[in-house]
Amino acid sequence: MKYLVFIICILYTIPAAAQHYELLSSSAITVDGTSTLHDWTVTAEKHSGSITLATKKNGNDMLKKGTITIMSLIIPVHSMKSEKGETMNNKMHRALKMEDFPNITYTLNKPIKFSQFSDTPQTVYSSGLLSIAGVKKTIQSKVVVTYSKGILNIVGKFPFKLSDFDIEPPSAMFGQIETGDDVTVSFRLAYRK
């Protein structure tokens, strides 16, 4: 009996294995804002990224409690497109200083711990470093996480001000149309091993 207890204790203290997941192209990232003329939406048509997950898996396609230890996301500025056309795209790319800073990046700066990954949504808080136009800020947001059929989904949104990143909101028609300072980023990120 002593040996059985000893073996169980050893197995319980074995650290969780790290698993690497890549961002799927089916993920979606949008930015919504306003102007004095109309609301607008920008879609990131390209993105890449990965997460490292330390966890234990059971036999029912559920991941037991674990931690996202590393998360990175890269969005090429040139891939950000507006439904309002090329003129707005050009103004937006200039405002984001695309020539000097071709990518928007996000990296997790605090591990995200979970009690269990499953197809039942679990709400957690994430904190990471967002870099836009050469300015880095810590962004905190509430996200909903599900895990089903080998795919880890992270869904959420967060608002911020363009001026927080030293971005001058674009204008048109000699300043008669001005973009609002407040924007909201919405994301649906899907990862697979």
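For clarity, every value in this text was computed on a predicted model and none was experimentally measured.

A. Representation of the overall build of the protein chain. Scanning the protein chain from N- to C-terminus turns up two helices and 13 strands. The buried share of the protein chain, taken over its 193 residues, is 41%.

B. Here's a closer look at the pattern of salt bridges. A full pass over the atoms with the stated rule returns one salt bridge. Note that D182 and K161 form a salt bridge whose closest N and O atoms lie 2.8 Å from each other. Of the two residues, D182 sits in strand β13 (residues 177–192) while K161 sits in strand β11 (residues 151–161), which places them 21 residues apart along the sequence. Judged by its relative accessible area of 45%, D182 is partly exposed.

C. Region of the structure containing helix α2 (residues 86–95). Among the residues making up α2, those that are buried are M88, N89, M92, H93 and A95. Down the axis, α2 shows its buried residues gathered within 160° of arc, on one side only. Opposite the buried face of α2, at more than 90 degrees from it, the exposed residues are T87 and R94. Packed against the buried residues of α2 are β3 (40–44) and β6 (80–82).

D. Layout of the pairing of strand β9 (residues 122–132). Within β9, eight of the 11 residues are buried, which leaves the element mostly enclosed by the surrounding structure. Direction of pairing for strand β7 (residues 103–108) relative to β9: antiparallel, over a ladder of four bridges. Bridging from a neighbouring strand, T107 pairs with L129 of β9. Summarising the sheet, β9 and strand β10 (residues 135–148) pair through 11 bridges and their orientation is antiparallel. Bridge pairing in β10 places L129 opposite T138.

E. Up close: unusual backbone geometry. Phi angles above zero are rare outside glycine, and A133 is one such case at about 55°. If you trace the backbone, A133 turns up in the loop between β9 and β10. Here A133 falls in the buried class, since its relative accessible area comes to 6%. Located in the positive-phi region is D166, a residue other than glycine, with phi close to 55°. Within the fold, D166 resides in the loop between β11 and β12 (171–172).

F. Structural context of the confidence of the model for the protein chain. Confidence in the prediction of the protein chain, expressed as mean pLDDT, is 83, and 81% of residues score 70 or more. Mean pLDDT across the elements of the protein chain ranges from a minimum in helix α1 (residues 2–13), with 41, to a maximum in β7, with 97. pLDDT under 50 marks residues 1–15. Its contacts with residues more than four places away, or in other chains, come to three contacts.

What counts, and at which threshold
Residues numbered from 1 in each chain as written. Predicted model: local features only at pLDDT ≥ 70, side-chain atom pairs only at ≥ 80, totals over all residues. Heavy atoms only, no water. Helix = DSSP H or I, 4+ residues; strand = E, 2+ residues; numbered from the N terminus. Buried < 20%, exposed > 50% of the residue type's maximum accessible area, 1.4 Å probe, protein only. Salt bridge = Lys/Arg side-chain N within 4 Å of Asp/Glu carboxyl O. Arc of directions from axis to C-beta. Contact = heavy atoms within 4.5 Å. Pairing = 2+ DSSP bridges. pLDDT = per-residue confidence, 0-100.

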